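Fold and geometry: a report
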Amino acid sequence: MRVPVIAGNWKLFKTIAESVALVHELAPLVASSHGVEIVVAPVFTALSKVSDAIEGSNIRLAAQDCFWEEEGAFTGEVAPKLLKDAGCSHVIIGHSERRQFFAETDITVNRKAKAAISTGLRAIVCVGESLAERESGLTFSVIETQIQGSLAGLTVEDFTNTVVAYEPVWAIGTGKTASDAQAQEVHLFIRKLIAKLFGQSVADAVRILYGGSVKPDNVKGLMGQPDIDGALVGGASLKADSFAAIVTFNS
Ligand code: PEP
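One structure accompanies this document, and this report is about it.

A word on helix 1 (residues 16-30)
- The end-to-end C-alpha separation of helix 1 is 21 Å, in line with the 21 Å expected for 15 residues at 1.5 Å each.
- On its buried side, helix 1 packs onto strand 2 (37-41), helix 2 (47-53), strand 3 (59-63) and helix 11 (240-247).

Here it is in C-alpha cells:
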C-alpha cells in the first residue's frame, strides 16, 4: 500500500504571519486525517515559524527548492541541512517554474535530489511536459528524459525518500486539469520506466503525485486512478478549507 501524499506548494505567496495563520486554520481541519502524508511548502522566510506552528500536528514541512552543497561561497543558496535545521522533512525539487524561470535542468535537479536525500529530507522531484511538447506528441519522450536525468544514480534505498510529481506544465495554474485518464496514462508510463531503470519493487513502492489545477472537485477522480498516489497542489493550497477538502478526499 502506498500512503498518499497531499502537498501544498505555496509558491511566492504569504508573509510569515499569513503562513502561520494558514496552518493554524488548516491543522484542526485535517487533524483526524490518517493514512495520508500532509505537506505544506511555504516560502523560505516562513519555514521556521511554520515549523513551530505545526509542532504536534500531522502536517509536515517542505521547502520549495534547495542547493546541493552543504556550505560555502554560494550567495543566495540554501543547503539541505539548513532546511532540516528550519524544521523541514521534505523539499520540492525541479518544479517546472524553476526549470522555466531559473534555468533548472535535469542535471541540477539530480544533484539537488541526491543532496537532499543524503541529508535525510524527502525529495519531491517534479517532471512534466509543456503544451507544445504534448501537442507535438513528445510527452513520453520528454518524461523519459526528465526521469532518467533527474533520478540518475539513485539507489534503491534513496527511493524510500523519493517522491515523483508529474505536473504537466500546461495544467499548472491554468485551471486546465489533465483528465483522469490522461494523468493515469503518464503515471503508468513513469512507474513502468522506474521499474525498468530501478527494479519492480522500487516502482511498486514509489509515490507518484499528480499536479496541475487539482481542486476539491477533481481530486477524487484523480485519486481513484491506480497509479496516482497523491497531489501537488498550488492555488488550492492557499486556502485552508480547499486544501483540507483535498486532503480529506476520501472521507
Ligand atoms: C504547482 O504549483 O505545483 C501546481 C500544480 O499549481 P496549481 O495547482 O495552481 O496548478
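Brief notes about the sheet that holds strand 4 (residues 90-93)
- Pairing in this closed barrel of eight strands is parallel, and the strands run 1-2-3-4-5-6-7-8 around the ring. Across the sheet, the axes of successive neighbouring strands diverge by a mean angle of 25 degrees, strand direction being ignored.
- Pairing geometry for strand 1 (residues 5-9) and strand 8 (residues 230-233), over four bridges, is parallel. By the bridge assignment, Ile6 is partnered in strand 8 with Ala231.
- Packing of helix 11 onto the sheet brings it into contact with strand 1, strand 2 and strand 8, and relative to strand 1 it is tilted by some 160 degrees.

Points about the site of the ligand
- Inspection of the region around the ligand gives 14 residues, with Lys11, Glu167, Gly173, Ser213 and Gly234 positioned closest.
- Gly173 has a polar backbone atom sitting 2.6 Å from an oxygen atom of the ligand.
- The separation between an oxygen atom of the ligand and a polar main-chain atom of Gly234 is 2.8 Å.
- Considered on its own, the ligand offers 290 Å² of accessible surface; in the complex 97% of this is hidden by protein.
- Considered class by class, the residues forming the shell around the ligand number four nonpolar, eight polar and two charged.

Some remarks on the pairing of strand 1
- Within strand 1, five of the five residues are buried, leaving the element largely enclosed by the surrounding structure.
- Direction of pairing for strand 1 relative to strand 2: parallel, over a ladder of five bridges. When the sheet's bridge partners are listed, Val5 is paired in strand 2 with Glu37.
- The β-α-β motif built from strand 1, the intervening helix 1 and the parallel element strand 2 has right-handed crossover chirality.

So, how was this worked out
Residues numbered from 1 in each chain as written. Predicted model: local features only at pLDDT ≥ 70, side-chain atom pairs only at ≥ 80, totals over all residues. Heavy atoms only, no water. Helix = DSSP H or I, 4+ residues; strand = E, 2+ residues; numbered from the N terminus. Expected span 1.5 Å × (residues − 1). Contact = heavy atoms within 4.5 Å. Pairing = 2+ DSSP bridges. Axes fitted to C-alpha atoms, helices over the stretch in contact; angles between N-to-C directions. Near = heavy atom within 4 Å. Polar contact = N/O pair within 3.5 Å; in protein donor to acceptor, adjacent residues only side chain to side chain. Areas by Shrake-Rupley, 256 points an atom, 1.4 Å probe, with all protein chains shown as cover. Nonpolar A, V, L, I, M, F, W, Y, C, P; charged D, E, K, R; others polar. Buried < 20%, exposed > 50% of the residue type's maximum accessible area, 1.4 Å probe, protein only. Right-handed = clockwise from strand over helix to strand, strands pointing away.

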